[in-house]
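# Remarks on the overall topology
Now for the letters of each chain:
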Number of protein chains: 6
Amino acid sequence: MTIVPILDDAAASPEARAVFDDIRKTRNTDFVNNFWRALAHDPVLLRRTWESVKEVMAPGALDPLVKEMIYVAVSATNNCEYCIRSHTASARAKGMTDEMLMELIAVVGMANETNRLVNGLQVPVDEAFK
Amino acid sequence: MTIVPILDDAAASPEARAVFDDIRKTRNTDFVNNFWRALAHDPVLLRRTWESVKEVMAPGALDPLVKEMIYVAVSATNNCEYCIRSHTASARAKGMTDEMLMELIAVVGMANETNRLVNGLQVPVDEAFK
Amino acid sequence: MTIVPILDDAAASPEARAVFDDIRKTRNTDFVNNFWRALAHDPVLLRRTWESVKEVMAPGALDPLVKEMIYVAVSATNNCEYCIRSHTASARAKGMTDEMLMELIAVVGMANETNRLVNGLQVPVDEAFK
Amino acid sequence: MTIVPILDDAAASPEARAVFDDIRKTRNTDFVNNFWRALAHDPVLLRRTWESVKEVMAPGALDPLVKEMIYVAVSATNNCEYCIRSHTASARAKGMTDEMLMELIAVVGMANETNRLVNGLQVPVDEAFK
Amino acid sequence: MTIVPILDDAAASPEARAVFDDIRKTRNTDFVNNFWRALAHDPVLLRRTWESVKEVMAPGALDPLVKEMIYVAVSATNNCEYCIRSHTASARAKGMTDEMLMELIAVVGMANETNRLVNGLQVPVDEAFK
Amino acid sequence: MTIVPILDDAAASPEARAVFDDIRKTRNTDFVNNFWRALAHDPVLLRRTWESVKEVMAPGALDPLVKEMIYVAVSATNNCEYCIRSHTASARAKGMTDEMLMELIAVVGMANETNRLVNGLQVPVDEAFK
């Protein structure tokens, strides 16, 4: 159970359904996943989040696959299961292989380790990095 | 001040100096940054960390620039200033432009936001993602 | 399964049962939730935690509903499912509507995002804020 | 130093300056703080973040002071100094007293503690909360 | 600057000064560190926190040095500079050597790494651990 | 389901099986837990992680039980269920009693609380701790 019910199309408001429709059209699929159906309780939040994600994850100076892998890296650091699973699926759909995934996770692990070695010893930033 | 002193070459043990030398040779520079000089108090930890970082960050299924950007993404999520500054510098040395950096940070921000929208509403994982 | 068994009244020590009784009396209910029944393995920890929560969450300069919403905000940031569910229930019992919940979660999401935009760019604190 | 320079009005692009102007108008002040001046390197990110913050923090089912206190609670949990200082200043401008601040911080501390008591013992969610 | 001023003895309330006195007596020193002087703005919070810390950190099934090292481990994970420095000082006063510190930090780093390897791959808990 | 399948011995590569064999020999058991079987998709990551854990958790200036408890403390702070359960099991196998566990969790809770009291008030580090 979620904290608020997952809204199917019939239960969603017209404003929320309009966002669902844009999700379907943009992604070229009928499937609207639970994240959007939970946000639908607040159509303003739903619209803002969808428009923001669409804008942030679009091709730009970074390609969409790199962006999806960064999304997975943050989600693994924060241990958000939903986000890890959904963005891993997206990354795979954009070409991420198992080998790439394992290297991604290895970097995430190493960064989380050295972040704490630095914290624990309170290493001062070198002048060269300022 | 660090929790332990930063060791210059004269103060480091022969085992630690040998790692410093490999850092210099691998990176083709005389500069050994404070992170390694703090770890030098425990030459076994220093060697293991250096060998691990060298292995993880080497070219593989992911290119080194993507790996550096993932490192920055994790470090920004955890707010490790030292790691953000040193790995941003490395990413720039490998070709990251300001435009790429801004997009990277935008993805990190968005992932941290949606991770908490998911948490707060305890959104169940869709069958399609399992 | 928990790491330690959940203690029912019969299994709890007299010191733990005395805390259970105070919880029942203070909340005017027979229900003692699992959190307290797990802590009951250490009656000193149980008592201290209960007395602290009672003191912190009491009406003061902030009203109890605001305090419950702050509790939810922290728990969503840390992704503690138990705490999100139990304090959302408490907040609802104190008058939080679905609309208020959605706005609360939206603020939590936004704060987690901008916290990382600030980290990633290492924005210096303005003199005006010092 | 930030990872990217703080842009004054002269250095900012016309798109960024237009956002600065809206910030000034909305807040009825000449002051544009460093956060926005760092984001100005990416005018799209700047605009989206500003529009989102404006929308999220506006009066709604929750009053703006409660929203600012939730922002502080998240920022204290994540240890984002910039965000703690700027949103504490905003909360004070909206009426938060020292007494309210101390109670807010007390709740944040308690929530962070019990989140980990729950984690450490892996307390199962009571049926009553599902 | 803190968010609230650090209170010296003259500025503190009688209730806060009474806690300062107990800190001095318990620790057998005249020194009262800034943490307590900041909490002194809320004498109830100050007293509760001090009594809790005294109780938790006292000798028990775990010896006080082990408890201090656990405190450092958590603080390094969360990157709380004040807490790392003050509890490292306490641990050293109780006998922690540099060699012990380096091993402690190495474990903290490794745990933070493997926590994320587990998250990233969503490894299911073995039956043997349930 | 994991993000990648759990590999049994037949599905693992010879390089991975060699690590499984060393795990069995070192721990004097036939049991190889899921963590290693998930990492086995990347034999280099598997070997590095196993060799690192073996080195870090070995007896040294700190005894192995203290190291296991530090591991639990970090994992409870980060809410990694797998790591909490597996390292609690290891700590118990090395002699941790329920009483020790409860004290450990109490310290973890208190440290997470005071870390945020310090953050929220931005308490400056005392000269005595520098």
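Not measured: the values here are computed from a predicted model.

### Remarks on the overall build of chain A
- The helix and strand inventory of chain A stands at six helices and zero strands.
- Along the chain direction, N to C, the helices and strands of chain A fall in the order α-α-α-α-α-α.
- Relative to a compact globule of 130 residues, whose C-alpha radius of gyration would be 14 Å, chain A shows 18 Å and is clearly more extended.
- Projecting the C-alpha coordinates of chain A onto the three principal axes gives extents of approximately 55 × 30 × 30 Å.
- Within the span of chain A, comprising 130 residues, buried residues form 64% of the whole.
- If you take every contact in chain A between residues at least 6 apart in sequence, the share linking residues at least 24 apart comes to 49%.
- Charge separation in chain A, taken as the distance between the mean sites of 14 positive and 18 negative side-chain charges, equals 5 Å.

### Details of the UniProt feature "domain: Carboxymuconolactone decarboxylase-like" (unreviewed entry) in chain A
- The sites that carry the UniProt feature "domain: Carboxymuconolactone decarboxylase-like" (unreviewed entry) are, in the present numbering, residues 48-123 of chain A.
- Helix makes up 82% of residues 48-123 of chain A and strand 0%, whereas the separation of the span's terminal C-alpha atoms amounts to 40 Å.

### As for the domain arrangement of chain A
Residues and elements named next belong to chain A.
- Taken domain by domain, chain A comprises domain 1 (1-58) and domain 2 (60-121).
- A buried area of about 530 Å², summed over both sides, lies between domain 1 and domain 2, and 58% of it is on carbon and sulfur atoms.
- The tally of links between domain 1 and domain 2 comes to zero salt bridges.
- Here domain 1 is connected to domain 2 by six residue pairs in polar contact (both at pLDDT 80 or more).
- Considering each element in turn, the side of domain 1 that touches domain 2 owes the most residues, three residues, to helix H3 (residues 43-57).
- Taken together, the residues that form the side of domain 1 that touches domain 2 break down as five nonpolar, two polar and no charged.

### Some points on the interface of chain E and chain B
- Tallying the contact residues gives twelve residues for chain E and twelve residues for chain B.
- Of the roughly 840 Å² buried between chain E and chain B on both sides combined, carbon and sulfur atoms contribute 60%.
- When residues of chain E are sorted by the area they lose upon contact with chain B, Arg85(E), Met102(E) and Ala106(E) head the list and together hold 54% of the total.
- Remark: the boundary between chain E and chain B carries zero salt bridges.
- Counting every contact that joins chain E to chain B gives two residue pairs in polar contact (both at pLDDT 80 or more).

### Some thoughts on the relation of the copies chain E and chain B
- For the pair chain E and chain B, the best superposition has an RMSD of 0.0 Å and corresponds to a rotation of 120° with a translation of 0.0 Å parallel to the axis. Both chain copies can therefore be described as sitting about a three-fold axis.
- A share of only 8% of interface residues in chain E that are also interface residues in chain B marks the association as one of differing surfaces.

### A closer look at the interface of chain A and chain B
- Contact with chain A, which involves 62 residues of that partner, is made by 62 residues of chain B.
- Note on chain A versus chain B: buried area summed over both sides is about 5,600 Å², and carbon and sulfur give 76% of it.
- Of all residues in chain A, Val107(A), Leu121(A) and Phe129(A) bury the most surface against chain B, accounting for 11% of the area lost on that side.
- Where chain A meets chain B, there are two salt bridges.
- Between Lys67(A) and Glu103(B) there is a salt bridge, and its shortest N-O distance comes to 3.1 Å.
- Inspection of the chain A/chain B interface yields 24 residue pairs in polar contact (both at pLDDT 80 or more).
- Of all the secondary-structure elements, those providing two or more residues to the side of chain A that touches chain B are helix H2 (34-39), H3, helix H4 (64-78), helix H5 (81-93) and helix H6 (98-121) of chain A.
- Here the element with the most residues in the side of chain A that touches chain B is H6(A); it accounts for 18 residues.
- Classifying every residue of the side of chain A that touches chain B gives 39 nonpolar, 16 polar and seven charged.

### Comments concerning the pattern of salt bridges
- A full pass over the atoms with the stated rule returns 72 salt bridges over all chains.
- The partner of Asp9(D) in a salt bridge is Arg24(D), with the nearest N and O atoms 3.0 Å apart. Note that Asp9(D) is positioned in the segment before helix H1 (14-27) and Arg24(D) in helix H1, a separation of 15 residues in sequence.
- Exposure remark for Asp9(D): the relative accessible area of 25% places this residue in the partly exposed category.
- One network of salt bridges, with partners in common, ties together Asp9(A), Asp21(A), Arg24(A) and Arg37(A).

### Points about the side chain of Asp126(D)
- Relative to the assigned elements, Asp126(D) resides in the segment after helix H6 (98-121).
- Lacking a salt bridge, the buried Asp126(D) has Arg37(C) as its closest oppositely charged neighbour, with an N-O distance of 6.5 Å.
- At 2.8 Å, the side chain of Asp126(D) forms a polar contact with the backbone nitrogen of Asn34(C).
- Beyond its immediate chain neighbours, meaning those up to four positions away, Asp126(D) contacts Phe31(C), Asn33(C), Asn34(C) and Tyr82(C).

### Some remarks on helix H5 (residues 81-93) of chain B
- Along its 13 residues, H5(B) runs 18 Å from first to last C-alpha, staying within 8% of the 18 Å computed at 1.5 Å per residue.
- Listed as buried for H5(B) are Tyr82(B), Cys83(B), Ile84(B), Arg85(B), Ser86(B), His87(B), Thr88(B) and Ala91(B).
- Looking at the packing, one finds that the buried side of H5(B) touches H6 of chain A, helix H2 (34-39) and helix H4 (64-78) of chain B together with helix H6 (98-121) of chain C.
- Positive phi appears at Gly95(B), one or two residues downstream of H5(B), with a value of about 115°.

### Quick notes on H6(A)
Residues and elements named next belong to chain A.
- Between the first and last C-alpha of H6 there are 35 Å, a value that for 24 residues agrees with the 34 Å anticipated at 1.5 Å per step.
- When you tally the buried positions in H6, you get 22 out of 24 residues, the bulk of the element.
- Gln122 sits one or two residues past H6 and shows a positive phi near 45°.

### Brief notes about the packing of helix H4 (residues 64-78) of chain C against helix H5 (residues 81-93) of chain C
Residues and elements named next belong to chain C.
- Relative to each other, H4 and H5 sit at 160°, their axes nearing to 9 Å. When the axes of H4 and H5 are compared, the pair comes out roughly antiparallel. Seen along the crossing, H4 lies across H5 with a hand that is left-handed. Each of Leu65, Glu68, Tyr71, Val72, Ser75 and Ala76 in H4 lies in contact with H5, whose residues at this interface are Cys83, Ile84, His87, Thr88, Ser90 and Ala91.
- Here the contact of H4 with H5 is composed, by residue class, of seven nonpolar, four polar and one charged.

Cut-offs used in this document
- Residues numbered from 1 in each chain as written.
- Chains lettered and ligands numbered in written order.
- Predicted model: local features only at pLDDT ≥ 70, side-chain atom pairs only at ≥ 80, totals over all residues.
- Heavy atoms only, no water.
- Helix = DSSP H or I, 4+ residues; strand = E, 2+ residues; numbered from the N terminus.
- Rg over C-alpha atoms; globule rule 2.2 N^0.38 Å.
- Buried < 20%, exposed > 50% of the residue type's maximum accessible area, 1.4 Å probe, protein only.
- Contact = heavy atoms within 4.5 Å.
- Lys, Arg positive; Asp, Glu negative; His and termini not counted.
- Charge placed at Lys NZ, Arg CZ, Asp CG, Glu CD.
- UniProt positions renumbered as here; feature names shortened; annotations may be inferred.
- Domains from an automatic or database assignment.
- Buried area = accessible area lost by both parts, 1.4 Å probe.
- Salt bridge = Lys/Arg side-chain N within 4 Å of Asp/Glu carboxyl O.
- Polar contact = N/O pair within 3.5 Å; in protein donor to acceptor, adjacent residues only side chain to side chain.
- Nonpolar A, V, L, I, M, F, W, Y, C, P; charged D, E, K, R; others polar.
- Least-squares fit on C-alpha atoms with pLDDT ≥ 70 in both.
- Expected span 1.5 Å × (residues − 1).
- Axes fitted to C-alpha atoms, helices over the stretch in contact; angles between N-to-C directions.
- Parallel < 35°, antiparallel > 145°, perpendicular 65-115°, else oblique.
- Left-handed = near helix turned anticlockwise from the far one by under 90°.

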